[in-house]
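The lines below spell out each chain.
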Amino acid sequence: MINREQFKQLLAGRKPQTAIILGSGLGAVAEAVKSPLTISYQAIEGFPRTTVAGHCGQMIVGKIGNSEVLCLQGRFHLYEGHTPQTMTEVINTLKAVGIKRLIITNAAGSLNPDFTPGSLMLINDHINFSGQNPLVGANDDNIGPRFPDMSNAYDRNMRRQAKELAAKLGLNLPEGVYLMVLGPNFETAAEIRAFRILGADAVGMSTVPEVIAAVHAGIKVLAVSAITNFGTGLQKTPLSHEDTMLGAAQAADNLTTFITNYVKEFCHE
Ligand code: HPA
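Here the structure is a predicted model, which is why all the values come from computation and not from measurement. (Residues numbered from 1 in each chain as written. Predicted model: local features only at pLDDT ≥ 70, side-chain atom pairs only at ≥ 80, totals over all residues. Heavy atoms only, no water.)

### With respect to the pattern of salt bridges
Stated formally: Counted as salt bridges are all cases of a side-chain nitrogen of Lys or Arg within 4 Å of a carboxyl oxygen of Asp or Glu. A run of H or I in DSSP counts as a helix once it spans at least four residues, and a run of E counts as a strand once it spans at least two, with each numbered from the N terminus. Residue exposure (1.4 Å probe, protein chains only): buried if accessible area is under 20% of the type maximum, exposed if over 50%, otherwise partly exposed.
A full pass over the atoms with the stated rule returns 6 salt bridges. Two residues, E175 and R159, come together in a salt bridge whose shortest N-O distance is 3.0 Å. Of this pair, E175 sits in strand β7 (residues 175–180) while R159 is found in helix α3 (residues 156–169), placing the two residues 16 residues apart along the sequence. Under the relative-accessibility criterion, E175 is labelled partly exposed at 28%. Through salt bridges with shared partners, a single ionic network connects R159, K163 and E175.

Rendered as structure tokens:
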């Protein structure tokens, strides 16, 4: 097991400044990483194990184009029993090794009739409906302020770049609001109706803790949802993890193209 300082030394020759968190069934971006160095989460102090099928729990460090990236293949969900503070620990470790921007992908259910399964949504804001917060506890003033501002949580400049790139690639990338639930059950139909009224376009069980911790740490965030299904009650069939994995597979090619091109174009230093 290596500590934060040893982890930093391990990455010293590469110095990635961009981290990418890959969501359920969306691990393919990691295949685009050249001369990869693979590090199991278990080898790093403070990194927990993942327990979900489709999340393998390792880090892949290497090049996409000319940019050094650190891909987190397999993420931690609160519904697995990980504490929200674990998210902060992971994000603060990324900050300690020099990460300046974080690209997050996730699988999400759609509440917006225009956002169909297999499509992508650029997250422009979120609603934290998880009932939890990764910054609960003593604040580390060296990392960030006690009461962080969230008015630019999904960095405007990165979103502008993302929209430009999507247009160039001929990809549909509408913006929308992501609502996080704790899970692990899929929502009831009444919850989905309520979330729509609240202003959400998509619902999922991840991302928000990482974003809050990253914003606190001064790491810029770009986040994209792969829409895998319509929310409960908006589609006729019951929901299952297998179906969301199928939806993720439909979106995966476009998402991989988008992320790899975004990194090549906008993540040089
Ligand atoms: N609800 C919550 N999380 C999800 C969904 C959903 O419908 N689809 C993929 N992740």
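Read on, since the account is not over.
### Details of the packing of aromatic side chains
In plain terms, the rule: For this analysis, a ring pair means two rings from Phe, Tyr or Trp (six-membered ring only for Trp) whose centres lie within 6.5 Å, classed as stacked if their planes differ by under 30 degrees, edge-to-face if by over 60, and tilted for the remaining angles.
Applying the stated rule across the entire model yields 6 aromatic pairs. Ring geometry for Y41 against F47: centres 5.5 Å apart, planes inclined by 45°, an arrangement best described as tilted. For the pair Y41 and F47, one class covers both residues: buried. Measuring from ring centre to ring centre gives 4.9 Å for F129 and F195, while their planes differ by 65°; the resulting arrangement is edge-to-face. Taken together, the residues span a long stretch of sequence, with F129 in the loop between β6 (120–128) and α3 and F195 in helix α4 (residues 189–198) at a distance of 66 residues.

### Focus: the packing of α3 against helix α6 (residues 241–266)
What counts here: Throughout, an axis means a line fitted to C-alpha atoms (over the contacting stretch in the case of helices), and angles, computed between N-to-C directions, take values from 0 to 180 degrees. Whether a crossing is left-handed or right-handed is set by the direction in which the near helix is turned from the far one by less than a right angle, anticlockwise for left-handed and clockwise for right-handed. Any pair of residues with heavy atoms lying within 4.5 Å of one another is described as a contacting pair. Following the grouping adopted for this structure description, the nonpolar residues are Ala, Val, Leu, Ile, Met, Phe, Trp, Tyr, Cys and Pro, the charged ones are Asp, Glu, Lys and Arg, and the polar ones are all others, Gly among them.
Relative orientation of the contacting elements α3 and α6 amounts to 120°, with a least axis distance of 10 Å. Crossing angle aside, the handedness with which α3 passes α6 is right-handed. In this structure, α3 contributes M158, Q161, A162, E164, L165, A166, K168 and L169 to the contact, and α6 contributes T257, F258, N261, Y262, E265 and F266. Its residues placed into classes, the contact of α3 with α6 shows 8 nonpolar, 3 polar and 3 charged.

### Some thoughts on the site of the ligand
Worth spelling out the cut-off: Proximity is defined per residue: any heavy atom of the residue falling within 4 Å of a molecule or strand makes that residue near it. Between N or O atoms, a polar contact is any pair within 3.5 Å; within protein, one atom must be a potential hydrogen donor and the other a potential acceptor, and residues adjacent in sequence are included only when both atoms are from side chains. Surface exposure here means Shrake-Rupley accessible area, sampled with a 1.4 Å probe, where a residue is shielded only by the protein chains that are shown. A pocket here means an open set of points on a 1 Å grid, computed over the protein atoms alone, that has protein on both sides within 12 Å along at least five of seven lines. A cavity is instead a set of points where a 1.4 Å probe fits but cannot get out; residues with an atom within 4 Å of a point line either one. Grid points define the cavity or pocket, and a molecule sits in it when more than half of its atoms lie within 2 Å of them.
Taken together, the neighbourhood of the ligand is formed by A107, A108, G109, F186, E187, V203, G204, M205, T228, N229, L239 and T244. At a separation of 3.3 Å, a nitrogen atom of the ligand approaches a polar backbone atom of G109. Within the side chain of N229, a nitrogen or oxygen atom sits 2.7 Å from a nitrogen atom of the ligand. In the complex, the protein chains occlude 95% of the 260 Å² of accessible area that the ligand would expose alone. Among the detected pockets, the ligand sits in the largest pocket. Counting only elements with at least two residues in the shell around the ligand, the list comes to β5 (101–110), β8 (202–204) and β9 (220–230). It is β5 that provides the largest number of residues to the shell around the ligand, a total of 3 residues. Within the shell around the ligand, the residues separate by chemical class into 6 nonpolar, 5 polar and 1 charged.

### Section: the layout of surface pockets
Where empty space is left can be seen by rolling a probe of water-molecule size over the atoms. Stated precisely, the cut-off is as follows: Grid points are joined across faces, edges and corners, and a volume is the space filled by probe spheres set on the points.
Here the largest pocket is characterised by a volume of approximately 360 Å³. Every residue lining the largest pocket is counted, 23 residues in all, and those nearest its centre are S24, A107, F186, M205 and T244. Breaking the lining of the largest pocket down by element, the ones donating at least two residues are β5, β8, β9 and α6. Examining the composition of the lining of the largest pocket, we find that 4 residues originate from one element, β5, more than from any other.

### Structural notes on α3
For the record, the criterion: Given the number of residues in a helix, its expected span is that number minus one, multiplied by 1.5 Å. The arc in question is formed by the directions pointing from the helix axis toward the C-beta atoms.
Compared with an ideal rise of 1.5 Å per residue, which puts 14 residues at 20 Å, α3 spans 20 Å between its outermost C-alpha atoms and is within 8% of the ideal. Residues M158, R159, Q161, A162, L165 and A166 constitute the buried set of α3. The buried side chains of α3 occupy one side of the element, clustering within an arc of 160° when seen end-on. What points out from α3, more than 90 degrees from its buried face, is the exposed set A167 and K168. Following α3 by one or two positions, G170 has its phi on the positive side, about 70°.

### So, the pairing of β5
Just so we agree on the cut-off: For two strands to be treated as a pair, DSSP must find at least two bridges joining them.
Across the 10 residues of β5, 9 count as buried, placing the element largely inside the fold. Note that β5 and β9 share 10 bridges and pair parallel. Residue pairing in the sheet places T105 in a bridge with V224 of β9. Here β5 pairs with β8 via 2 bridges, running antiparallel. Across the sheet, the residue bridging to G109 is V203, located in β8.

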